[in-house]
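# An overview of the molecular structure
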Amino acid sequence: MKVSLLDTNEPISVEQLKDINVLYFPMDMNDYKPALESLCQERGYKNRDEVKLNKDTPNIEDKLKIFFEEHLHDDEEIRFILDGSGIFDVRNKDDKWYRINVEKGDLIIVPANMYHRFTLDDNRFIHAMRLFTDAPKWVPVNRY
Ligand SMILES: CSCCC(=O)/C(O)=C/O
Ligand SMILES: [Fe+2]
Ligand code: NI
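Owing to the predicted nature of the structure, the values given are computational and were not obtained by experimental measurement.

For the protein chain, the count of helices and strands is 3 helices and 10 strands. The N-to-C order of helical and strand elements in the protein chain reads β-α-β-α-β-α-β-β-β-β-β-β-β. Relative to its length of 144 residues, the protein chain is compact, with a C-alpha radius of gyration of 14 Å against a globular reference of 15 Å. If you line up the protein chain on its principal axes, its C-alpha atoms span 40 × 35 × 30 Å. Scored against the burial criterion, the 144 residues of the protein chain give a buried share of 47%.

Encoded structure:
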């Protein structure tokens, strides 16, 4: 994972992310199941699904357009990157974007009610596990 302030490219640390309640868990991809199960147990993640996005995904451009609209959710957004890479932008306390480049092995938690957006990077491929406290749902509330 690499994080920067989008406007200036200034590097942002995991601690600075934590200050805005975005959590990062690096996962060992050779043996991630025990750590994943205990995280789910501790934080009450009862459901999960997987999403793959690449150039052959039906309606990929429409999907990316929706993901890249600045939005929030009334629950945490938990994404575990199983393969590939991508970009999450999250708003910091000054309403500036932190750009989070995620890759295989990264698990990030965006808190409820934080404006964010997602897009693919130049690799144009991501395979992510989505974890949910309740039934899998994806209800974006767009800004404005
Ligand atoms: C990497 S999963 C696709 C993006 C997504 O699920 C989401 O909710 C973006 O806000
Ligand atoms: Fe989301
Ligand atoms: Ni979202």
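From this point, things continue past the structure.
Moving on, we come to the coordination of the iron ion (ligand 2). The iron ion (ligand 2) binds to the protein through His73 (NE2), Glu77 (OE) and Glu77 (OE); the donor distances cover 1.8 to 2.7 Å. A separation of 1.6 Å is found between the iron ion (ligand 2) and the nickel ion (ligand 3), both of which receive a donor from His73. Accessibility classification places His73 together with Glu77 in one group, the buried group.

What the rule picks out here adds up to 12 salt bridges. Two residues, Glu77 and Arg79, come together in a salt bridge whose shortest N-O distance is 3.8 Å. Each member of the pair, Glu77 together with Arg79, is buried.

A word on helix H3 (residues 60-67). The periodicity of an α-helix, 3.6 residues per turn, causes residues three or four positions apart to be oriented the same way. Residues Ile60, Leu64 and Phe67 constitute the buried set of H3. In an axial view of H3, the angular spread of the buried residues amounts to 60°, which keeps them on one side of the axis. Opposite the buried face of H3, at more than 90 degrees from it, the exposed residues are Glu61 and Lys65. Where H3 is buried, its residues meet strand S3 (47-53), strand S4 (71-72) and strand S8 (116-119).

A few words now on the UniProt feature "binding site: Fe(2+)" (unreviewed entry) in the protein chain. In this structure's numbering, the residues bearing the UniProt feature "binding site: Fe(2+)" (unreviewed entry) are His71, His73, Glu77 and His116. Considering the C-alpha atoms alone, the annotated residues occupy 46 residues of sequence yet fold into one spot, their largest mutual distance being 11.4 Å. For His73, the position within the fold is in the loop between S4 and strand S5 (77-91). On the accessibility criterion, His73 (8% relative accessible area) is buried. Counting through the fold element by element, His116 comes out in strand S8. Residue classification places His116 among the buried positions, given a relative accessible area of 1%. If we ignore the near neighbours within four places in the chain, the residues touching His116 are Glu69, Glu70, His71, Leu72, His73, Glu77, Asp89, Val90, Trp97 and Val110.

Conventions and cut-offs
Residues numbered from 1 in each chain as written. Chains lettered and ligands numbered in written order. Predicted model: local features only at pLDDT ≥ 70, side-chain atom pairs only at ≥ 80, totals over all residues. Heavy atoms only, no water. Helix = DSSP H or I, 4+ residues; strand = E, 2+ residues; numbered from the N terminus. Rg over C-alpha atoms; globule rule 2.2 N^0.38 Å. Buried < 20%, exposed > 50% of the residue type's maximum accessible area, 1.4 Å probe, protein only. Donors = N, O, S within 2.8 Å, 3.2 Å for Na, K, Ca; no water. Salt bridge = Lys/Arg side-chain N within 4 Å of Asp/Glu carboxyl O. Arc of directions from axis to C-beta. Contact = heavy atoms within 4.5 Å. UniProt positions renumbered as here; feature names shortened; annotations may be inferred.

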